[in-house]
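One-letter residues, chain by chain:
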Amino acid sequence: MLLILHIFFHSSPVSEMVIIGLAGAIGYAVDSVLMQQGIFAFGSGLFDASWGLAPAWLLLLWFGFCATLRQSLRFFANHLGLSALVGAVVGSLTYLLASALGAVVFPLSSVVTVLMLAAIWAVLFPLLLWVSRFVGGAYA
């Protein structure tokens with residue numbers, strides 16, 4: 001519901017929907033590939049991993065995260081080195097916390113998985129910021 005309200009009240013709702021959809025799909029695809037490669041495992045349930053894709057709830061999480069790219073995270077768009085560092089540290093730690101909460105299981109060791117995620121997020125976060133800028137134009 002919050003995501004719908006975010007889009008409804010946004011000054012450029014169409015470009016915001018495209019940004020959220022495209023950037024969210026990229027992030028979800030990365031997580032799905034990591035799951036397919038045995039880096040992640042998710043439990044079963046109503047919104048479990050099926051058809052070789054990460055669980056549906058993860059796509060919604062990605063959409064929520066991507067809604068912040070041009071708002072609260074836009075500072076990082078002009079600081080790509082910093083965004084790579086922050087992505088590596090914070091991005092990988094969110095998965096570690098999700099693991100501690102039981103939302104995801106790391107079949108490999110936590111250290112190996114977090115290091116792999118840090119490398120991925122060092123590229124992924126700047127990429128998502130670039131996508132948001134490419135689709136949405138320059139920041140006001």
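Just so it is clear, the structure is predicted and the values come from calculations on it, not from any experiment.

Rules used throughout
- Residues numbered from 1 in each chain as written.
- Predicted model: local features only at pLDDT ≥ 70, side-chain atom pairs only at ≥ 80, totals over all residues.
- Heavy atoms only, no water.
- Helix = DSSP H or I, 4+ residues; strand = E, 2+ residues; numbered from the N terminus.
- Buried < 20%, exposed > 50% of the residue type's maximum accessible area, 1.4 Å probe, protein only.
- Contact = heavy atoms within 4.5 Å.
- Areas by Shrake-Rupley, 256 points an atom, 1.4 Å probe, with all protein chains shown as cover.
- Expected span 1.5 Å × (residues − 1).
- Bend = angle between axes of the 7 residues up to and from the residue.
- Phe/Tyr/Trp six-rings, centres within 6.5 Å; stacked < 30°, edge-to-face > 60°.
- Axes fitted to C-alpha atoms, helices over the stretch in contact; angles between N-to-C directions.
- Parallel < 35°, antiparallel > 145°, perpendicular 65-115°, else oblique.
- Left-handed = near helix turned anticlockwise from the far one by under 90°.
- Nonpolar A, V, L, I, M, F, W, Y, C, P; charged D, E, K, R; others polar.

(A) The overall build of the protein chain, seen in detail. Within the protein chain, the regular secondary structure consists of five helices and zero strands. The order of α-helices and β-strands along the protein chain, N terminus first, is α-α-α-α-α. Referenced to the eigenvectors of the C-alpha coordinate spread, the extents of the protein chain come out at roughly 45 × 35 × 20 Å. Considering the protein chain as a whole, with its 140 residues, one finds that 34% of them fall into the buried category. Sequence separation of at least 24 residues holds for 71% of the intrachain contacts in the protein chain that already meet a minimum separation of 6. As displayed, the protein chain has an accessible area near 7,800 Å², and 77% of this comes from carbon and sulfur atoms.

(B) Just helix H5 (residues 110-136), in detail. A rise of 1.5 Å per residue sets the reference length of H5, with its 27 residues, at 39 Å; its end C-alpha atoms lie 36 Å apart and thus fit the reference within 8%. By the largest-angle criterion, Trp-121 marks the main kink of H5, which is about 30°. All of the buried residues in H5 are Thr-113, Val-114, Leu-117, Ala-118, Trp-121, Leu-124, Phe-125, Pro-126, Leu-128, Leu-129, Val-131 and Ser-132. Two residues or fewer after H5 comes Gly-137, characterised by a positive phi angle close to 85°.

(C) Spotlight on the packing of aromatic side chains. Counted according to the given criterion, the structure contains 13 aromatic pairs. Taking 6.1 Å as the distance between ring centres and 70° as the angle between the ring planes, the aromatic pair formed by Phe-40 and Phe-42 counts as edge-to-face. Neither residue differs from the other here; Phe-40 and Phe-42 are each classed as buried. Cluster of aromatic residues (ring-pair linked, three or more members): Phe-40, Phe-42, Trp-57, Trp-62, Phe-65, Phe-75, Phe-76, Tyr-95, Phe-106, Trp-121 and Phe-125.

(D) The arrangement of the environment of Leu-53 in detail. Along the chain, Leu-53 turns up in the loop between helix H2 (13-36) and helix H3 (56-66). Between the C-alpha atoms of Leu-53 and Leu-34, which are 19 residues apart in sequence, the distance is 9.7 Å. Sequence-distant contacts of Leu-53, defined by excluding residues within four places in its chain, comprise Tyr-28, Ser-32 and Met-35.

(E) Structural context of the environment of Trp-51. One can find Trp-51 in the loop between H2 and H3. As for Trp-51 and Ser-109, which are separated by 58 residues in sequence, their C-alpha atoms are 25 Å apart.

(F) Structural detail: the packing of H2 against H5. In contact at an axis separation of 9 Å, H2 and H5 are set at 160° when each is read in the N-to-C sense. Comparing their axes, H5 and H2 come out roughly antiparallel. In this structure, the crossing between H2 and H5 has a hand that is right-handed. Residues Ser-15, Val-18, Ile-19, Leu-22, Ala-23, Ile-26, Val-30 and Leu-34 of H2 lie in contact with H5, whose contacting residues are Leu-117, Ile-120, Leu-124, Leu-127, Leu-128, Val-131, Ser-132, Val-135 and Gly-136. Of the residues belonging to the contact of H2 with H5, the class tally is 14 nonpolar, three polar and no charged.

Limitation: the analysis is restricted to geometry and does not speak to function.
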